[in-house]
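Structural features, examined
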Amino acid sequence: MPPTTPYAGKFNSCGPYTSNSSNNNHHPQPHSPYRSNTAPKPSTKTQENIYNCAYVATENPYDIPHTSYRSSSLSSSNTTTTTTTNSHHYNNSCVSPHSPRQHGGSSCHGRGSYRSSSSGSEQSCHNNSAPPKSRVYGHGGVIASYGEMCYHDNSLVSASLEALIQHLVPTVDYYPDRSYVFTFLLSSRLFLHPYELMTRVCHLCVEQQRSGDALLDKIRFREVAPKLVQLLTEWTETFPYDFRDERMMRCLKDMTNHVARGDEYSWRAMQQMTQRLIKRLSALGQYEEAVAALNNVALERPTSLKSKQAAGQRSDVLSVCDDPFVLAQQLTHIELDRLSFIGPEEFIQTFAMKDPLENQKGFFRKRKTNNLEAYVNWFNRLSYLVATEICMPAKKKHRARIIEFFIDVAQECFNIGNFNSLMAIITGMNMSPVSRLKKTWSKVNTDKFDILEHQMDPSSNFSNYRTALRGATQRSETAHSSQEKIVIPFFSLLIKDIYFLNEGCASRLQNGHINFEKLWELAKQVSEFLVWRQVVCPFERDRRVLQYLVTTPVFSEDELHLASYESEGPENNMEKDSRRSLRSSLLHRENRS
């Protein structure tokens, strides 16, 4: 079984909202609530790639300035507000742990803020014909309902799916806030397939320009075309893997042809956008082929355990790299390379609704979480590599030296901010074939290892690790060097956090509305990952070390146990029986192969 790490945490329940509304009529357009002003900017350089592929980090969706909200003022007489001092919690809303509250005391990050015009009242963006309704909210806050969209203190908290789709559609005088675009494109796949969403958005964008006059329709579409191109550009650059679906590509081609009939400038922009998308998808295909080839090489079995002398002739990590800092640097290269190809939507698609055409064959039909799974497999491989390197040597002194070396590598990973490699090394050293080598461990000074284990202790929902992660994130935001920008989270815990956030909060409320509070939270966590992912590794590549780390064969779990027994003999009858059984089983497998 692959190494696993216990998850002992629960998400905190939401605290009550506090009122922080204002009737200022001249608020500036808010920037993305997910991005720190000091967060690293995406590099324009193409990352060099150890697999001879084009490593190109996708753009961060928050580096393009916001455009204006849809303006649709309501008269103050149509909006009723009421305040109360009674505390009340919003049902099914959620907040991630260890994150300060923002945006007027609301419990979820990343809400787009909607301000009124001259009337000074709250305003809706769709279905404005419906009379607004309001209800009391905790600590003086108010939830206002306009048609099928509900706001709290000018922040969207819930809406019907149809209203959310309509809210995404640009018009001549309106373009949705970027934080809303990212949030809805990310999480809408919980409710409908991206192809269906794209089809409906494009259809609505075209249909709402129709007036019955062909010439007027052409003029109106020419005016809205640049904003439609902008929306599709954001989609293709932030979620390019959606377009591995042939249906998405066909829809994109159809819209390109439609735009070509109305606006040559927008048509050229669509052409350029499509070229960038194809280039990105081509790089992804090359990356996946390279990883598959490397995995095939790594599947070769290590030197046979029949001869301890033969096993001792196998190259070990110290013969390739005896500098812990250099090895930690090369591990960081691999981590950042593989992180750069994980699409933000893969986090949501791990628990999104199943596509009814999942088994359809086609050029773009690939597994939707393929890169995320490959990265998790890399964690497991590194853990088994560490255990293999320790269990392989015949001499106790050599095994102890390798343990001390990996402890130093783990410490360097911690200093760099590479928590994923750190945890993989600790996991490998805690596997039972390694931990049972008592004679070997007696020769090792474990003080540093005890400190590292304490930092990654799973108790109290990994509180020590989360504190260290916050420190690394703050260092990254105020970094004065490329190395200080590096933050590589313990990836399995990040996935579990997002999974439990999804499971712990209802996606729909009792009235059938989408719980947009939850969607803001999902987007907030995923957008943090996007900032970490865009960092370009500043260290020099050592191709010999990199090749060893990704291709050298590692033992299976049974082979590790047998190698451990060969290094230090069984201590009791149970271990003797286990060694006898493993020898017989592995010998049978070798004969069959």
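Worth saying up front: this structure is predicted, and the values here are computed from it rather than measured.

Parameters at a glance
Per chain, the residues get numbers from 1 upward, laid out in the order the sequence is written. This being a predicted model, a pLDDT of at least 70 is required before a residue's local features are given, and a value of 80 or more before pairs of side-chain atoms are given or counted; all residues contribute to the totals for chains, interfaces and linings. No hydrogens and no water enter the side-chain calculation; it runs on all heavy atoms of the structure. Side-chain rings of Phe, Tyr and Trp (the six-membered ring for Trp) are treated as a pair once their centres are within 6.5 Å; stacked means planes under 30 degrees apart, edge-to-face means over 60, and tilted covers the remaining angles. By the criteria applied, helices consist of DSSP H or I runs no shorter than four residues and strands consist of E runs no shorter than two, each listed in order from the N terminus. Burial status follows relative accessibility: with a 1.4 Å probe on protein chains alone, a residue under 20% of its type maximum counts as buried, one over 50% as exposed, and anything between as partly exposed. Confidence scores labelled pLDDT are given residue by residue by the predictor and lie between 0 and 100. Only heavy atoms matter for contacts: two residues are in contact if any of them lie within 4.5 Å across the pair. Think of each axis as a best-fit line through the C-alpha atoms, taken over the contacting stretch in the case of a helix, with angles from 0 to 180 degrees between the N-to-C directions. Each angle receives one of four descriptions, namely roughly parallel if under 35 degrees, roughly antiparallel if over 145, roughly perpendicular if within 65 to 115, and oblique otherwise. Crossing handedness follows the turn of the near helix against the far one: under a right angle anticlockwise gives a left-handed crossing, and clockwise gives a right-handed one. In this count, Pro and Cys sit with the nonpolar residues alongside Ala, Val, Leu, Ile, Met, Phe, Trp and Tyr, while Asp, Glu, Lys and Arg are called charged and the others, Gly among them, polar.

Details of the packing of aromatic side chains
The description of an aromatic ring pair rests on the distance of the ring centres and on the angle between the ring planes. Within this structure, the stated rule accounts for 19 aromatic pairs. Ring centres of tyrosine 375 and phenylalanine 491 lie 4.7 Å apart, and the angle between their planes is 85 degrees; this geometry places the pair in the edge-to-face category. On the criterion of sequence distance, the pair formed by tyrosine 375 in helix α11 (residues 370-391) and phenylalanine 491 in helix α18 (residues 491-504) is long-range, its members being 116 residues apart. Comparing tyrosine 375 with phenylalanine 491 shows no difference in burial state: the two are buried. When the ring of phenylalanine 516 is compared with that of tryptophan 520, the centres are 4.9 Å apart and the planes differ by 85 degrees; the resulting orientation is edge-to-face.

Concerning the confidence of the model for the chain
Interpreting fine coordinate detail is not advised for predicted regions of low pLDDT. With 70% of its residues at a pLDDT of 70 or more, the chain shows a mean pLDDT of 76. In the model, residues 1-140 has pLDDT below 50 throughout and makes 361 contacts with residues more than four positions away in sequence or in other chains. Contacts from residues 355-366, a stretch scored under 50 in pLDDT, to residues over four places away or in other chains number 23 contacts.

Brief notes about the packing of helix α3 (residues 194-207) against helix α5 (residues 246-260)
Where α3 contacts α5, the axes come no closer than 9 Å and their chain directions differ by 15 degrees. Accordingly, the angle class assigned to the pair α3 and α5 is roughly parallel. At the point where α3 passes α5, the crossing takes the left-handed sense. The residues of α5 that touch α3, namely those facing Pro194, Tyr195, Met198, Thr199, Cys202 and Val206, are Arg247, Met248, Cys251, Leu252, Met255 and His258. Broken down by class, the residue content of the contact of α3 with α5 amounts to 9 nonpolar, 2 polar and 1 charged.

Here we look at the packing of helix α9 (residues 324-339) against α11
Think of two packed helices as two axes; the pair is described by the angle between the axes and how far apart they sit. Viewed as axis vectors pointing N to C, α9 and α11 meet at an angle of 160 degrees, and their least axial separation amounts to 10 Å. In terms of axis orientation, α9 runs roughly antiparallel to α11. Here the hand of the crossing between α9 and α11 comes out right-handed. Each of Leu331, Ile334, Glu335, Arg338 and Leu339 in α9 lies in contact with α11, whose residues at this interface are Ala374, Tyr375, Trp378 and Leu382. Class assignment of the residues belonging to the contact of α9 with α11 gives a composition of 7 nonpolar, no polar and 2 charged.

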